[in-house]
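# Fold and contact review
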Amino acid sequence: MYHSATTPVNRATGLDLDRITAIDVHTHIHADHHGNLALDRELLEAAESYFRGTDTARPTVDDLAAHYRALNMAAVVFSVDAEATTGHPALSNEAIATAAAAHPDVLIPFGSIDPARGAAGVRAARRLVTDHGVRGFKFHPSLQGFEPNDRRVYPLYEELRSLGVPALFHTGQTGIGAGLPGGRGIKLRYSDPMLLDDVAADFPELTVIMAHPSVPWQDAAISIATHKANVFIDLSGWSPKYFPPQLVRAANGPLADKVLFGSDYPVITPQRWIRDFEQLEIEPHIRPKIMKDNAIRALALR
């Protein structure tokens, strides 16, 4: 178990938590203001096709802020650094955080560090939090090509723990590379949530968020989130009408305080997600927990 006496960084937020109606914990920046893409065009178009055919909307940070402000919601925003495996330059964490800082009423910036960066990545994570106001980090094990419980990544997790910021991990199936020969070499097994059970056990003070219904490993994800107090599940990347039935049962029961609203915008809009969520048999007193209250705790916004 990793542990040090370092205290979390105190970070202010511009969110009016009483005013906003929801917090979307999973939104992506696919392109910056200069037209640079987060992934190479083949991978990005494969993901967009997997979700919604020919629609290729790629909002900037400012676009995303305007969209969520109009909905009276807040959103966690990030890209993914996978340069080591894809060869495609990552979008700038600093640029995303700076752009998000212009919209503190609606945006919560996350960073992304490729574990392949090693010690340099650890230093970069600290700078992003202390100097740029980043409030968490997104990992995509399949795209970044690493096993989350590889102990070579543990110094990075320890840094996040010491900073008091959560780590959000893609789990389960991914649209990135879907339909391409060999999935472009992207291996789904790296996103088995059971690999995160080791991380959650070894870093009990680190908040771990497992992104998406973890198909084909949904039961494992439910078990981990039930067993580990520091683990949450975000519900992004799927329309709620396609949620595995055991996930809906868990959200109504043992995971009522552990599941989080997430859309995966822009590939799924919050409007579509909420419309389908309203049709689920979720207890009325649990709905506000999923839409906002659980995220306030998981992201330490109060």
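Residues numbered from 1 in each chain as written. Predicted model: local features only at pLDDT ≥ 70, side-chain atom pairs only at ≥ 80, totals over all residues. Heavy atoms only, no water.

## What about the confidence of the model for the chain?
Condition: The pLDDT value tells you how sure the predictor is about a given residue, anywhere from 0 up to 100. Whether two residues touch is decided by their heavy atoms; if any such pair falls within 4.5 Å, the residues are in contact.
Averaged over the chain, the pLDDT score is 93; the fraction of residues at 70 or greater is 94%. Overall, residues 4-10 carries pLDDT values under 50, and its contacts beyond four positions in sequence, including any with other chains, amount to 13 contacts.

## Side note on unusual backbone geometry
To keep it simple, the criterion reads: By definition, any uninterrupted DSSP run of H or I lasting at least four residues is a helix, any uninterrupted run of E lasting at least two residues is a strand, and each is numbered from the N terminus.
Across the junction of Val-215 and Pro-216, the peptide omega takes the value 10°, indicating a cis bond. For Pro-216, the location among the structural elements is in the loop between strand 6 (208-211) and helix 9 (218-227). Along the chain, Tyr-265 connects to Pro-266 via a cis peptide bond; the corresponding omega equals 15°. Position of Pro-266 among the secondary structure elements: in the loop between strand 8 (259-260) and helix 11 (270-277).

## So, the sheet that holds strand 7 (residues 231-234)
Convention followed: Strand pairing follows a simple DSSP-based rule, namely that at least 2 bridges must link the two strands.
Taken together, the five strands give an open sheet; going across it, the order is 4-5-6-7-8, and neighbouring strands pair in parallel fashion. Looking at strand neighbours, the two that pair on one side only are strand 4 (137-139) and strand 8, the edges of this open sheet. Sheet topology note: the strand 5 (residues 167-170)/strand 6 ladder contains four bridges and is parallel. If you follow Phe-169 over to strand 6, its bridge partner there is Met-210.

## Focus: the pattern of salt bridges
Here is the rule: We define a salt bridge as a side-chain nitrogen of Lys or Arg found within 4 Å of a carboxyl oxygen belonging to Asp or Glu. Each residue gets one of three labels from its accessible area relative to the maximum for its type: buried under 20%, exposed over 50%, partly exposed in between, using a 1.4 Å probe on protein chains only.
In this structure the tally under the stated criterion is 15 salt bridges. Here Arg-161 and Glu-205 are joined by a salt bridge, their closest N and O atoms 2.8 Å apart. With Arg-161 in helix 7 (residues 154-163) and Glu-205 in the loop between helix 8 (194-202) and strand 6, this pair connects stretches of sequence that are 44 residues apart. Here Arg-161 falls in the buried class, since its relative accessible area comes to 6%.

## Concerning the sheet that holds strand 3 (residues 107-109)
Stated precisely, the cut-off is as follows: To obtain each axis, a line is fitted to C-alpha atoms, and for helices this fit is confined to the stretch in contact; angles are then taken between N-to-C directions over 0 to 180 degrees.
An order of 1-2-3 is seen for the three strands of this open sheet, with the pairing classed as parallel. Taken across any chain shown, the strands that pair with only one partner, and hence form the sheet edges, are strand 1 (22-28) and strand 3. If you compare each strand with its neighbour and ignore which way they point, the axes differ by 25° on average. Where strand 1 meets strand 2 (residues 73-78), five bridges bridge the pair, whose relative direction is parallel. Residue pairing in the sheet places Asp-24 in a bridge with Ala-75 of strand 2.

## Topic: the environment of Val-215
Assignment of secondary structure puts Val-215 in the loop between strand 6 and helix 9. Under the relative-accessibility criterion, Val-215 is labelled partly exposed at 26%. Separated by 41 residues in sequence, Val-215 and Thr-174 have C-alpha atoms that sit 9.6 Å apart. Among residues more than four places away in sequence, those in contact with Val-215 are Gly-172, Gln-173, Trp-238 and Pro-244.

## Details of the packing of aromatic side chains
Selection rule: Pairing of aromatic side chains here covers Phe, Tyr and the six-membered ring of Trp, requires ring centres within 6.5 Å, and sorts the geometry by plane angle: under 30 degrees stacked, over 60 edge-to-face, intermediate tilted.
Per the counting criterion, the structure on display carries 13 aromatic pairs. When the centroid spacing of 5.2 Å and the interplanar angle of 85° are considered together, the rings of Tyr-50 and Phe-51 count as edge-to-face. Relative to Trp-273, the ring of Phe-261 lies with its centre 4.7 Å away and its plane at 45°, an arrangement referred to as tilted. Here Phe-261, found in the loop between strand 8 and helix 11, pairs with Trp-273, found in helix 11; they are twelve residues apart in sequence, far enough to count as distant. Trp-273 shares its class with Phe-261; the two are buried.

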